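# A closer look at the structure
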Amino acid sequence: MAAGQDAAGSPHIPVLLRPLLAAVAPVSGIWLDGTFGAGGYTRALLEAGAERVIAVDRDPLAFEMAAEWAGAYGDRLVMQPGVFSRLDQYGSDLDGVVLDLGVSSMQLDRAERGFSFIKDGPLDMRMSQDGPSAADLVNTEDEARLAAILFHYGEERASRRIAKAIVRERAQAPITTTLQLAAIIEGCLPRKKPGQSHPATRSFQALRIAVNAEYEELFEGLMAAERALKPGGQLAVVSFHSVEDRMVKRFLQERSGGGGRANRYAPEIETAAPQFTVKTRKSIGPDDRELEENPRSRSARLRVAVRTDAPAGTADARSIGMPMLGPQSGAKSGEKRK
Ligand SMILES: C[S@@+](CC[C@H](N)C(=O)[O-])C[C@H]1O[C@@H](n2cnc3c(N)ncnc32)[C@H](O)[C@@H]1O
């Protein structure tokens, strides 16, 4: 079995690896990879000159799969189970932090992990294989909160209709499998036209984000990186959808002195001593070669910034655009990326 390929035969191809390495070169010192996954970034950083990489993942499967190759790096590779929101507890004075957000192909493609609306499996979606699952959420949350999750985390316009159908169906029998849920969602939406994504795409994304508290993790993770990086240390984040990218962009704007206001009602943000300088003025996406090699990379965006010597501070989740589960009216969909 090739490294980075699991028993289900699903290779995880690291996205934006070439532009990432080019943006952070030359690589040296101690790096923390907050999303180890199949280890693609970690290995590339070690090969590119990192003295040591602290590899963090919340999914125990990631470390099980690395067992066959990790030994070759000796104590240059430190495997650290955990969440990246606490990355400053795993390392300090770091030369670099890298976050490659979302799920890995190994997680997505294994039906038993419950992320897929194509393959039937238990309605799980927990990256950490621990805590409340998507089935717990779908079978217990009240209708208004379910609708808010689908709308705010999935930008699903039919959120209320889908939430109503879920509550109606679960009164007959608990919803326990991915295909059961996908069928309920499909029943609420117009038939998919050629070239359109599967009708359950947005709802499954929303539930996954809620189950894994992905936005809270990202917000806390960015601040933890600010605390853990040494002056001159680099932060590189790869995001997969517009809301994540917006949070990273605004965080870096605010922390690099270009914050201004999140909206016209928000207070002006203090920009006296910026904690970062931004290296990538515009986000970097895949080039044609990568798109051809790996179509899953199409929505990936990379942003890189360098830590200054200003003391770390605290950010405001709302001002960097973290979606809140408030009432549905007035919520914005993802803003255009720059
Ligand atoms: C897109 S994959 C990373 C792939 C990796 N860059 C590679 O090249 O193989 C994302 C990984 O991050 C992990 N993950 C997601 N959110 C996390 C969090 N908040 N804390 C720790 N790990 C997380 C997932 O379990 C998954 O293994």
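For the structure, check the block above.
Please read all numbers here as calculations on a predicted model, not as lab measurements.

Let's shift gears to the site of the ligand. Neighbouring the ligand are 24 residues, the closest being Asp 57, Phe 84, Asp 100, Gln 107 and Glu 217. In the model, an oxygen atom of the ligand is placed 3.0 Å from a nitrogen or oxygen of the Ala 38 main chain. Separating a nitrogen atom of the ligand from a backbone N or O atom of Arg 58 is a distance of 3.2 Å. Bound to the protein, the ligand loses 98% of the 610 Å² it would expose on its own. Residues belonging to the shell around the ligand are distributed by class as follows: nine nonpolar, ten polar and five charged.

The next subject is the nonpolar core. In globular proteins that are soluble, nonpolar side chains generally tend to be buried together. With 65 residues, the main nonpolar core has Leu 87, Val 97, Leu 181 and Leu 235 as its most contacted residues. Considering every element that reaches this core, the biggest residue donor is helix H10 (residues 214-228), with eight residues. Each of two domains, domain 1 (4-106 + 215-311) and domain 2 (111-212), supplies a minimum of three residues to this core. What Val 97 contacts, discounting residues up to four positions off in sequence, is Trp 31, Leu 32, Leu 87, Ala 225, Leu 229, Gln 234, Leu 235 and Ala 236. Listed in part, the 27 residues of the second largest apolar core include Val 24, Ala 50, Leu 77 and Ala 300.

Read across the open sheet, the seven strands follow the order E3-E2-E1-E4-E5-E7-E6; overall the sheet is mixed. Each edge of the open sheet is held by one strand with a lone partner, namely strand E3 (77-81) and strand E6 (276-278). Each strand axis lies, on average, 20 degrees off the axis of its neighbour in the sheet, ignoring direction. In this sheet, strand E7 (residues 301-307) lies alongside strand E5 (residues 229-239) in antiparallel orientation, the contact comprising six bridges. The residue of E7 that forms the bridge with Val 237 is Arg 303. Packing against the sheet, helix H11 (residues 242-255) makes contact with E5, E6 and E7, and its axis sits at approximately 20 degrees to E7.

Reading the values: the criteria
- Residues numbered from 1 in each chain as written.
- Predicted model: local features only at pLDDT ≥ 70, side-chain atom pairs only at ≥ 80, totals over all residues.
- Heavy atoms only, no water.
- Near = heavy atom within 4 Å.
- Polar contact = N/O pair within 3.5 Å; in protein donor to acceptor, adjacent residues only side chain to side chain.
- Areas by Shrake-Rupley, 256 points an atom, 1.4 Å probe, with all protein chains shown as cover.
- Nonpolar A, V, L, I, M, F, W, Y, C, P; charged D, E, K, R; others polar.
- Core = buried A, V, L, I, M, F, W, Y, C linked by side-chain atoms within 4.5 Å.
- Buried < 20%, exposed > 50% of the residue type's maximum accessible area, 1.4 Å probe, protein only.
- Helix = DSSP H or I, 4+ residues; strand = E, 2+ residues; numbered from the N terminus.
- Domains from an automatic or database assignment.
- Contact = heavy atoms within 4.5 Å.
- Pairing = 2+ DSSP bridges.
- Axes fitted to C-alpha atoms, helices over the stretch in contact; angles between N-to-C directions.

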